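For reference, the chains in residue letters:
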2 protein chains.
Amino acid sequence: MGVLDFWFDFASTYSYPAAMRIGPLAATAGVTVRFRPFLLGPIFQAQGWDSSPFNLYPAKGRYMWRDLERLCADLDLPFRRPQPFPQPSLLAARVALVALAERWGEEFCRAVFRAEFGEGSRIDDDATMARLLAPFGADPGEVLASARSEPIKARLRADTQAAQEHGIFGPPSFVTADGELFWGNDRLEHALAWATRLGSRGRN
Amino acid sequence: MGVLDFWFDFASTYSYPAAMRIGPLAATAGVTVRFRPFLLGPIFQAQGWDSSPFNLYPAKGRYMWRDLERLCADLDLPFRRPQPFPQPSLLAARVALVALAERWGEEFCRAVFRAEFGEGSRIDDDATMARLLAPFGADPGEVLASARSEPIKARLRADTQAAQEHGIFGPPSFVTADGELFWGNDRLEHALAWATRLGSRGRN
């Protein structure tokens with residue numbers, strides 16, 4: 001069976017439709033997906049950017065918001081622009097690393113994206129995290145404490161460095177077992193096709 | 001019938017597959033396409049870039065070349081990286097404006113892209129332009145003289161400004177009659193679908 005790493009930053013706009021689409025598409029393609037949150041900030045800083053390129057380059061930003069609105073309409077996804085943009089995603093990424101050790105981790109990640117880009121909520125405070133964790137029967141206090149523990153902090157740093165070493169420069173990105181990189185929500189289908197071919201080659 | 005403006009710069013890598021794909025896809029969708037060459041240089045300069053972002057941001061550049069190679073393989077298009085990159089595209093854009101007044105204009109544009117990204121040829125000299133014009137029975141000397149005439153120079157400047165006014169920040173871009181902007185080879189299908197819907201609404 002093919003495997004695909006789905007690298008995303010919760011602050012990333014196009015990671016929202018990708019997170020919503022990847023489950024059913026991967027199931028159809030027979031590909032196992034691993035959700036890999038990381039932080040784009042250090043990677044952007046390495047490129048000399050102190051904010052999202054969508055803020056730094058206004059024409060690009062205007063286009064992106066309109067494009068995302070159209071995409072969400074096509075996919076029947078709610079859309080609301082979060083303020084401020086980008087949302088600080090450090091806390092959500094750490095909480096997600098804790099959550100992804102549980103069966104409901106991916107569903108939690110989708111809940112974060114839905115809150116942020118579907119409802120326009122902030123995602124950088126404990127109250128939102130607690131509200132989003134509650135439906136899964138997790139103890140928000142415990143999860144938040146784990147999220148702030150040294151092993152999780154170190155894990156996120158290591159994962160962010162791993163993303164950079166894979167050549168990732170923007171989210172969402174998809175990496176197959178042989179290291180092929182696919183960038184952007186609109187490359188999801190290509191990435192899954194590559195992972196499927198690779199998986200069936202491995203089986204023979 | 002729907003109409004779609006296809007804005008491209010001959011220096012732009014992803015404009016190559018877009019130029020090769022747009023004809024048959026537009027015919028199937030029942031959309032009339034207008035080829036609109038423009039110059040990205042002034043638009044990049046307005047964003048503070050003195051070269052292609054694929055050169056300025058090496059991780060992005062490495063990814064783009066690999067992605068383009070994969071895309072061309074999927075589309076059965078020859079691919080060879082031109083040196084230097086980006087190719088100065090001023091001459092080709094002016095020649096294309098002359099050519100696009102003829103029935104063979106679009107085919108000439110595809111020939112330029114094929115020479116540049118399929119054979120790795122330079123496109124910034126008279127000899128290449130003459131070689132690419134020859135199969136169409138045009139007199140290369142006459143076409144090149146027209147290409148350097150004041151009206152064509154002014155037209156390219158005006159078109160480049162029009163592209164910027166449409167919000168275009170990178171090629172290829174597609175603009176429908178109601179001003180919707182779609183950016184990137186991978187948005188071609190969306191742009192055609194939009195143009196088709198618009199065209200059929202206009203008919204009712």
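All values derive from a computational prediction rather than experimental measurement.

S.K.: Go over the interface of chain A and chain B, please, and point to the residues and values.
M.R.: With 22 residues of chain A at the contact, the number on the chain B side is 22 residues. Both sides of the chain A and chain B interface together cover about 2100 Å² of buried area, and 51% of this is carbon and sulfur. Applying the counting criterion to the chain A and chain B interface returns eight salt bridges. On inspection of chain A and its partner chain B, the count reaches 12 residue pairs in polar contact (both at pLDDT 80 or more). Elements with a minimum of two residues in the side of chain A that touches chain B: α4 (58-75), β4 (181-183) and α10 (188-203) of chain A. Element by element, the count of residues in the side of chain A that touches chain B is highest for α4 of chain A, at eight residues. Residues of the side of chain A that touches chain B, tallied by class, amount to 11 nonpolar, three polar and eight charged.

S.K.: Account for the relation of the copies chain A and chain B, naming residues and giving values.
M.R.: When chain A is brought onto chain B, the operation consists of a screw motion whose angular component is 180° and whose axial shift is 0.0 Å, with 0.0 Å RMSD remaining. Overall, the copies show the geometry of a two-fold rotation axis. Of the C-alpha atoms belonging to chain A, the one lying closest to the rotation axis is found on D186 of chain A, 3.5 Å away. In this assembly, 100% of the residues forming the interface of chain A have copies in chain B that are likewise at the interface, indicating an isologous arrangement.

S.K.: I'd like a description of the pairing of strand β2 (residues 31-37) of chain A, backed by residues and values.
M.R.: Residues and elements named next belong to chain A. Across the seven residues of β2, five count as buried, placing the element largely inside the fold. Here strand β1 (residues 2-8) pairs with β2 via seven bridges, running parallel. Within β2, the residue paired with W7 across the bridge is R36. Once the chain exits β1 it traverses helix α1 (residues 15-29) before rejoining the sheet at β2, and the crossover so formed is right-handed.

S.K.: Lay out the sheet that holds β4 of chain A in plain terms, naming residues and giving numbers.
M.R.: Residue and element names in this part refer to chain A. An order of β2-β1-β3-β4 is seen for the four strands of this open sheet, with the pairing classed as mixed. In this open sheet, the two strands that pair with only one neighbour each are β2 and β4. Across the sheet, the axes of successive neighbouring strands diverge by a mean angle of 25°, strand direction being ignored. Relative to β4, strand β3 (residues 173-176) runs antiparallel, the two sharing three bridges. What sits directly across from F174, in β4, is F182.

S.K.: Requested: an account of the packing of helix α5 (residues 90-99) of chain A against helix α8 (residues 140-147) of chain A, with residues and values cited.
M.R.: Residue and element names in this part refer to chain A. In the contact formed by α5 and α8, the axes pass within 8 Å of each other and the chain directions differ by 105°. It follows from the interaxial angle that α5 and α8 lie roughly perpendicular. For the pair formed by α5 and α8, the contact residues are L91, R94, V95 and V98 on the first element and V143, L144, S146 and A147 on the second. Grouping the amino acids of the contact of α5 with α8 by side-chain chemistry returns six nonpolar, one polar and one charged.

S.K.: Any details on unusual backbone geometry? Residues and values, ideally.
M.R.: All names here are of chain A. The peptide bond linking Q83 to P84 adopts the cis configuration, its omega dihedral lying at -5°. Along the polypeptide, P84 turns up in the loop between α4 and α5. Following P171, the chain continues into P172 via a peptide bond in cis, with omega recorded as -5°. One can find P172 in the loop between α9 (150-165) and β3.

S.K.: Explain the nonpolar core to me, and be specific about the residues and the numbers.
M.R.: The biggest cluster of nonpolar side chains holds 136 residues, and the ones touching the most others in it are F108 and M129 of chain A together with F108 and M129 of chain B. If near-sequence neighbours (up to four positions away) are discounted, F108 of chain B is found in contact with V95, A96, A99, M129, L132, L133 and F136 of chain B.

S.K.: How would you summarise the packing of helix α6 (residues 105-118) of chain B against helix α7 (residues 126-133) of chain B if you had to cite specific residues and measurements?
M.R.: Residue and element names in this part refer to chain B. At their nearest, the axes of α6 and α7 sit 10 Å apart, and the two run at 130° to each other. Classified by the interaxial angle, the pair formed by α6 and α7 is oblique. As for the relative orientation of α6 and α7, their crossing is right-handed in sense. Of the residues in α7, those touching α6 at F108, A111, V112 and A115 are M129, R131, L132 and L133. Here the residues of the contact of α6 with α7 sort into seven nonpolar, no polar and one charged.

S.K.: With reference to specific residues and values, describe the layout of surface pockets.
M.R.: Space inside the second largest pocket adds up to approximately 340 Å³. D186, E189 and H190 of chain A together with D186 and H190 of chain B are, among the 18 residues lining the second largest pocket, the residues nearest its centre.

S.K.: Outline the side chain of R187 of chain A, supporting the account with residue identities and numerical values.
M.R.: Within the secondary structure layout, R187 of chain A lies in the loop between β4 and α10. Dropping the residues within four chain positions of it, R187 of chain A is found in contact with F174 and F182 of chain A together with Y14, Y63, D67, L71 and D186 of chain B.

S.K.: Help me get a handle on the pattern of salt bridges, residues and values and all.
M.R.: Inspection of every chain in the model, using the stated rule, returns 36 salt bridges over all chains. Taking the shortest distance from any N to any O, the salt bridge between R131 of chain A and E119 of chain A comes out at 3.5 Å. Here E119 of chain A lies in the loop between α6 (105-118) and α7 (126-133) and R131 of chain A lies in helix α7, a separation of 12 residues in the sequence. Accessibility expressed as a relative area gives 41% for R131 of chain A, which makes it partly exposed. For E119 of chain A, a relative accessible area of 39% gives the class partly exposed. Salt-bridge contacts for R155 of chain B lead to D159 of chain B; the nearest nitrogen and oxygen are separated by 3.3 Å. A residue pair is termed a helical-turn pair when its members lie 3 or 4 positions apart in one helix, as R155 of chain B and D159 of chain B do in helix α9 (residues 150-165) at four residues. The class for R155 of chain B is partly exposed, based on a relative accessible area of 40%. Under the relative-accessibility criterion, D159 of chain B is labelled buried at 7%.

Reading guide: rules and limits
- Residues numbered from 1 in each chain as written.
- Chains lettered and ligands numbered in written order.
- Predicted model: local features only at pLDDT ≥ 70, side-chain atom pairs only at ≥ 80, totals over all residues.
- Heavy atoms only, no water.
- Contact = heavy atoms within 4.5 Å.
- Buried area = accessible area lost by both parts, 1.4 Å probe.
- Salt bridge = Lys/Arg side-chain N within 4 Å of Asp/Glu carboxyl O.
- Polar contact = N/O pair within 3.5 Å; in protein donor to acceptor, adjacent residues only side chain to side chain.
- Helix = DSSP H or I, 4+ residues; strand = E, 2+ residues; numbered from the N terminus.
- Nonpolar A, V, L, I, M, F, W, Y, C, P; charged D, E, K, R; others polar.
- Least-squares fit on C-alpha atoms with pLDDT ≥ 70 in both.
- Buried < 20%, exposed > 50% of the residue type's maximum accessible area, 1.4 Å probe, protein only.
- Pairing = 2+ DSSP bridges.
- Right-handed = clockwise from strand over helix to strand, strands pointing away.
- Axes fitted to C-alpha atoms, helices over the stretch in contact; angles between N-to-C directions.
- Parallel < 35°, antiparallel > 145°, perpendicular 65-115°, else oblique.
- Core = buried A, V, L, I, M, F, W, Y, C linked by side-chain atoms within 4.5 Å.
- Left-handed = near helix turned anticlockwise from the far one by under 90°.
- 1 Å grid on protein atoms, 1.4 Å probe; cavity = no way out; pocket = protein on both sides within 12 Å on 5 of 7 lines; lining within 4 Å.
- Points joined across faces, edges and corners; volume = space filled by probe spheres on them.

Honestly, it's all geometry; don't read function into it.
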